[in-house]
Amino acid sequence: MFKTTGVAIGSMLLASTAFAATDITWWHGMGGRNGEVINEISQQFNAAQDQCHLTPISKGTYEEALSSGIAAFRSGEQPNILQVFDAGAATIIAAKGATIPAEDLIKGAGQEFNREHFIAGVRNFYADSEGKFIGMPFNSSAPIMYFNKAAFEKAGVQPPKTWEEFEQVAPKLKEAGYLPMTASQLTWMMVENFKSRNNQQFATNNNGYDSAQGTEIIVNDENQVMMFEKLKAWADEGLYGFYGAGWADNLKPFEEGEAAMWIGSSGSFGGLQKSADFDFGAVFMPYWDSIEGAGTQSFIGGAALFAMAGKPEEQNTCTAEFFSFLTSPETQVYWHKNTGYVPITEAAYEMAKGEGYYDEQPVAEVGIQQLMLEGGEWSKGYRLGFYPQIRTVMEREFNRIFSGETEVKAAFYTIQTEGNALLARFAKTAN
């Protein structure tokens, strides 16, 4: 924190004179309870010192916040801090001169920063190819598998660790009267984190981290196609339910006790406690034991905070001060307990564990433990431009797969072809 003495510019003023705090703004894309907690954390920061005053402003959705931030930068009216979701990271990082790397900002303000203090699965997604933090991880989560304890007890089976085990237990769950599984956001769960959990390459140029030039997506490969051929076969056999791209549509059968398992976000457990009237647990997202090297950590979903360039030094100093406040164990534990997102530092995780939080809420620890699994060459994430548009192509083709309009191989050929065309377009805009 800043020293309470502040900068000695008031020597000729009366001792009682109050100095105006430096104002900084934070644009974000969160609403509901998460938006309320952002306001609470901002108030805590403002109360903790008297040299900076932070104002958080909701800009609607993630996509709207990113669009607003880029437009504001072009007109010279950007906020100090912009929340950018995972799929938009390449866009803001490639915007020439739009941001100051978070690590440079913090160190430049004379504050301590150590990448190793962050949970392993958090460190790389918003960093460059050398590991330098460009964005500051904020609301971070992992894809995990929730399960209805009563359903598994009735079927006499245990939650699967691998997809091979799923194929053994799913028929028994069906016989017990349950739809064995649903999953939300297949782009994140069954493509991006399929690649991570099974240590599979997602794109050339080091998954896009090294350069946008010439980067191509890799989804038309044998293992990725196999995953969706399995999903389609399971759906045809009544072992898996696909309800389109809507997150809530795929969650609903689990909430209502119809589905025995749901693959969702680790940050969903708080909401499930209110919406599900049965006892549930959670385990890591399954992987394929048949794939050599599989079982590695997943990477984070959610969003990061980016320090926008073009601001006065005193405002940048306040932004750095807020980033340090935000990553303190106390603030991270508060955020973790009130939202369900994982604490991003090992110190915060240890603090929550020391308080006995996971004895009370064991499901809250599953995502953290998955992010702390051993990493692999391809488990750190991706850096792909125009990726929100690529996700849209995926969702369109997934709908066609499960409606029987196309075969899996043909769908992924289309995704790879259209995805690479979008990546090539993005490369022309990136320097």
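Note: the structure precedes this text.
Small disclaimer: the values here were computed from a predicted structure and weren't measured.

Thresholds applied
Residues numbered from 1 in each chain as written. Predicted model: local features only at pLDDT ≥ 70, side-chain atom pairs only at ≥ 80, totals over all residues. Heavy atoms only, no water. Pairing = 2+ DSSP bridges. Helix = DSSP H or I, 4+ residues; strand = E, 2+ residues; numbered from the N terminus. Contact = heavy atoms within 4.5 Å. Axes fitted to C-alpha atoms, helices over the stretch in contact; angles between N-to-C directions. Phe/Tyr/Trp six-rings, centres within 6.5 Å; stacked < 30°, edge-to-face > 60°. Buried < 20%, exposed > 50% of the residue type's maximum accessible area, 1.4 Å probe, protein only. Lys NZ or Arg CZ within 6 Å of the ring centre and 35° of its normal. Core = buried A, V, L, I, M, F, W, Y, C linked by side-chain atoms within 4.5 Å. Parallel < 35°, antiparallel > 145°, perpendicular 65-115°, else oblique. Nonpolar A, V, L, I, M, F, W, Y, C, P; charged D, E, K, R; others polar. Left-handed = near helix turned anticlockwise from the far one by under 90°. Polar contact = N/O pair within 3.5 Å; in protein donor to acceptor, adjacent residues only side chain to side chain.

This part is about the sheet that holds strand β6 (residues 143-148). Taking strand neighbours across the sheet as the criterion, the five strands line up as β8-β7-β9-β6-β10 in an open arrangement whose pairing is mixed. Sheet topology places β8 (240-241) and β10 (280-284) at the edges, where each strand pairs with a single neighbour. Pairing geometry for β6 and β10, over five bridges, is antiparallel. Looking across to β10, one finds that I144 is bridged to F284. The strands that helix α7 (residues 186-197) touches are β6, β7 (179-183), β8, β9 (259-265) and β10; relative to β9, the one it contacts most, it runs at about 75°. Here helix α16 (residues 363-371) sits on the sheet and contacts β6 and β10; the angle it forms with β10, its principal contact strand, is near 5°.

Below, the discussion takes up the packing of aromatic side chains. Note on aromatic pairs: each is described by the distance of the centres and the angle between the planes. Scanning the model with the defined rule gives 37 aromatic pairs in all. Judged by centre distance (5.5 Å) and plane angle (70°), the rings of F147 and F152 are edge-to-face. Owing to a relative accessible area of 12%, F147 belongs among the buried residues under this scheme. With relative accessibility at 3%, the residue F152 sits in the buried group. Arranged with centres 4.7 Å apart and planes meeting at 45°, the rings of Y382 and Y387 form a pair that is tilted. Judged by its relative accessible area of 0%, Y387 falls in the buried class. Every member of this aromatic cluster is reached through a ring pair, and the members are W26, F45, F138, F322, F325, W335 and Y341. We note K59 situated over the ring of W27; from NZ or CZ to the ring centre the distance is 4.1 Å.

Let's shift gears to the pairing of strand β2 (residues 52-58). As defined by bridge partners, strand β1 (residues 22-28) adjoins β2 across seven bridges and the pair is classed as parallel. Bridging across to β2, W27 finds its partner in I57.

Turning next to the nonpolar core. Counting residues in each nonpolar core, the largest one holds 136 residues, and the members touching the most others are M190, F228 and F322. Among all residues touching F228, those that are not within four sequence positions of it are L186, M190, V191, F398, I401, V408 and F412.

Right, let's get into the packing of helix α6 (residues 163-175) against helix α9 (residues 222-236). Between α6 and α9, the shortest axis-to-axis distance is 13 Å and the interhelical angle comes to 5°. What the angle tells us is that α6 and α9 run roughly parallel. Residues W163, F166 and E167 of α6 form the contact with α9, whose own contacting residues are M227, K230 and W234. In terms of residue class, the contact of α6 with α9 is built from four nonpolar, no polar and two charged.

Now for the packing of helix α1 (residues 32-48) against helix α13 (residues 329-339). The N-to-C vectors of α1 and α13 enclose an angle of 160°; their axes lie 10 Å apart at closest approach. The angle between α1 and α13 falls in the class roughly antiparallel. Crossing geometry of α1 relative to α13 is assigned as right-handed. Contact with α1, carried on its side by R33, N34, V37, I38, E40, I41 and Q44, involves T331, Y334, W335, N338 and T339 of α13 and no other residues of that element. Looking at side-chain class alone, the contact of α1 with α13 contains five nonpolar, five polar and two charged residues.

This part is about α13. For α13, every residue scored as buried is listed here: T331, Q332, V333, W335, H336 and T339. Summarising the contacts, the buried residues of α13 are in contact with α1, β5 (136-141), α12 (313-326), α14 (346-354), α15 (357-360) and α16. G340 sits one or two positions beyond α13 and adopts a positive phi of about 95°.

Position of S184 relative to the elements: it lies in the loop between β7 and α7. A distance of 2.8 Å separates a polar atom in the side chain of S184 from the backbone oxygen of W247. Separated by 3.0 Å, the side chains of S184 and W262 make a polar contact. Discounting chain neighbours no more than four positions away, the residues touching S184 are M189, W247, N250, L251, W262 and I263.

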